[in-house]
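# Report on the structure
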Amino acid sequence: MRAVLLTLAVLAALGLAGAVSVVGLGLYNVSAHAGHWPGVSWILHTTFRNSVRLRAPSMEDAPRLDDPDLIALGAGHYATACAGCHGAPGVARTATVRAMVPEPPLIGEAVESWRPNELHWIVENGVKMSGMPGWPVQGRGDEVWAVVAYLVSVRERMAPALPANDGAGVAYCRTCHEKIGGPVPRLDILDAEYLEAQLDLYASGARPGGIMAQAVSRVRKDDFGALARELAQGDAPVFARDAPRLDGGDGAALARRGNRDVPACLACHGDTGKGPALFGQSQDYLTTQLKLWRDGTYVHDNKMHAAARDLTDADIDALSRYFANSAE
Ligand code: HEC
Ligand code: HEC
Ligand code: HEC
């Protein structure tokens, strides 16, 4: 028994001495050129694969991944956030990126080995100690599906060309805001002051949004005001006025109904100007935003959070349909 204990103690001491020399004396070579010790790459990759499999979300949460608007939005984000490391059909990686260890795989190869929900997990969480970043904000897995939709289109060789994003002016903003519907909001129904405030909120993280956090990080803060003025409502008649009028229905009734604690939606979003314009906004976008307010992912306006807190999914559908399709 004593011999066993002694042997264990000696082994522990040797292990500790080994660890101290590797960590403390710098014996481990961190050079990217040195590669991993034999077997380490296999261990890391197998751990990575199994870790992703275990944690990937259920496909029940996924929107329709073949929706062209969702794919286009994912492509727009991918162009500035991912293509530099992973390339894209027709986009090469720099020699320096190819010297990374591990090397970011070409996207065409990367998507072959993962299911859509696994891709979602990787893009939302990133991969520790590899250079693969996570999503810029937490709690916005809903946005990540747009990138997954684009990745699936790459796998199916149906991917749209990436938008050219060389500039960082208003033309860059328009690659999404004037070309894609669905999840991308219209800005031309909103006023410049509101738009500028949103850009500040995205930049500070107070309004968590990874796609817009990436977009605002590519423009100078000093230019927020000018960008907002260019994109805000112009003199042209807004879409809402041409839209059919939905007077009846659950949405209209809900929008007019307040209670003791919270005023009606229209008390703020009608012509009082206390809240942003909603009439004529994209229905998909309204639905997503109302869920974010209701679920407390958004808390940057207390009254708006309170107004959404008790809405059911059916209420949100009805309200979104009403605001998207009616005129004031
Ligand atoms: C700074 C470079 C960098 C950026 C930017 C980057 N990645 Fe990665 N990515 C990597 C590296 C490195 C790996 C390899 C990780 C590993 O194998 O351990 C990786 C792995 C992946 C994988 C898993 C592929 C596999 O089988 O290893 C996917 C999918 C992926 N990235 C997608 C994306 C998407 C989508 C974006 C943009 C939202 C993105 N990446 C941004 C560096 C990057
Ligand atoms: C890759 C596509 C993409 C690009 C590029 C982009 N946006 Fe956005 N934008 C979005 C999406 C998607 C949302 C909704 C985000 C959310 O859920 O928070 C959004 C939201 C916004 C909002 C909030 C609107 C509202 O109703 O509250 C503003 C303001 C905005 N963008 C301005 C800009 C400006 C200015 C630029 C250029 C610097 C820009 N966007 C570039 C996709 C994009
Ligand atoms: C007390 C005033 C108030 C009430 C009541 C209110 N809202 Fe809001 N709402 C706001 C304000 C202010 C914002 C903008 C907050 C911010 O991002 O700065 C907002 C934002 C929104 C947005 C996001 C718009 C965008 O472009 O991103 C939606 C959608 C919305 N409200 C819908 C509703 C609905 C539906 C109701 C009724 C159930 C409602 N609101 C009730 C004040 C209100």
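Naming follows an unreviewed UniProt entry, where the chain appears as Cytochrome c553 of Roseovarius pacificus.

As for its position among the elements, Glu143 is in helix H8 (residues 141-155). Since its relative accessible area comes to 11%, Glu143 is described here as buried. A distance of 2.6 Å separates a polar atom in the side chain of Glu143 from the backbone nitrogen of Gly210. Setting aside chain neighbours within four positions, we find Glu143 in contact with Trp135, Gly209, Gly210 and Ile211.

All of the protein donors around the iron atom of ligand 2 are His177 (NE2) and Met212 (SD); their distances to the metal are 2.0 to 2.2 Å. Coordination at the iron atom of ligand 2 comes from 6 donor atoms whose angles at the metal span 88 to 178 degrees, giving a geometry best classed as octahedral. Here His177 is found in helix H9 (residues 170-177), whereas its partner Met212 is found in helix H11 (residues 210-217), with 35 residues between them in sequence. No difference in accessibility class separates His177 from Met212, as the two residues are buried.

Moving on: the domain arrangement of the chain. If you check the domain split of the chain, you get domain 1 (49-155), domain 2 (170-231) and domain 3 (239-325). Every contact between the two is made by 13 residues of domain 1 and, on the other side, 14 residues of domain 2. For the domain 1 face of the interface with domain 2, the top three residues by lost area are Asp69, Leu73 and Thr80, together amounting to 43%. Our count for the contact surface shared by domain 1 and domain 2 stands at 0 salt bridges. Element by element, the count of residues in the side of domain 1 that touches domain 2 is highest for helix H3 (residues 68-81), at 7 residues. Its residues placed into classes, the side of domain 1 that touches domain 2 shows 7 nonpolar, 3 polar and 3 charged.

Near ligand 2, the surroundings consist of 26 residues, among which Cys173, Cys176, His177, Tyr194 and Met212 are the closest. In the model, an oxygen atom of ligand 2 is placed 2.9 Å from a nitrogen or oxygen of the Arg140 side chain. Side-chain polar atom of Tyr194 to an oxygen atom of ligand 2: 2.6 Å apart, as the coordinates give it. Elements with a minimum of two residues in the shell around ligand 2: H3, H9, helix H10 (192-204), H11 and helix H16 (283-294). When residues in the shell around ligand 2 are grouped by element, the largest group, 5 residues, is from H10. Across the shell around ligand 2, the residue classes tally to 19 nonpolar, 5 polar and 2 charged.

Taken together, 22 residues surround ligand 3, and among them Cys265, Cys268, His269, Tyr285 and Met304 come closest. Taking Tyr194, its side chain carries an N or O atom lying 3.3 Å from an oxygen atom of ligand 3. A distance of 3.1 Å is found between an oxygen atom of ligand 3 and a side-chain nitrogen or oxygen belonging to His300. Secondary-structure elements contributing two or more residues to the shell around ligand 3 are H10, helix H15 (265-269), H16, helix H17 (302-308) and helix H18 (313-325). Looking at the shell around ligand 3 element by element, the count peaks at 4 residues for H16.

What counts and how
Residues numbered from 1 in each chain as written. Chains lettered and ligands numbered in written order. Predicted model: local features only at pLDDT ≥ 70, side-chain atom pairs only at ≥ 80, totals over all residues. Heavy atoms only, no water. Helix = DSSP H or I, 4+ residues; strand = E, 2+ residues; numbered from the N terminus. Buried < 20%, exposed > 50% of the residue type's maximum accessible area, 1.4 Å probe, protein only. Polar contact = N/O pair within 3.5 Å; in protein donor to acceptor, adjacent residues only side chain to side chain. Contact = heavy atoms within 4.5 Å. Donors = N, O, S within 2.8 Å, 3.2 Å for Na, K, Ca; no water. Tetrahedral: all angles 85-135°; square planar, octahedral: opposite > 155°, others 65-115°. Domains from an automatic or database assignment. Buried area = accessible area lost by both parts, 1.4 Å probe. Salt bridge = Lys/Arg side-chain N within 4 Å of Asp/Glu carboxyl O. Nonpolar A, V, L, I, M, F, W, Y, C, P; charged D, E, K, R; others polar. Near = heavy atom within 4 Å.

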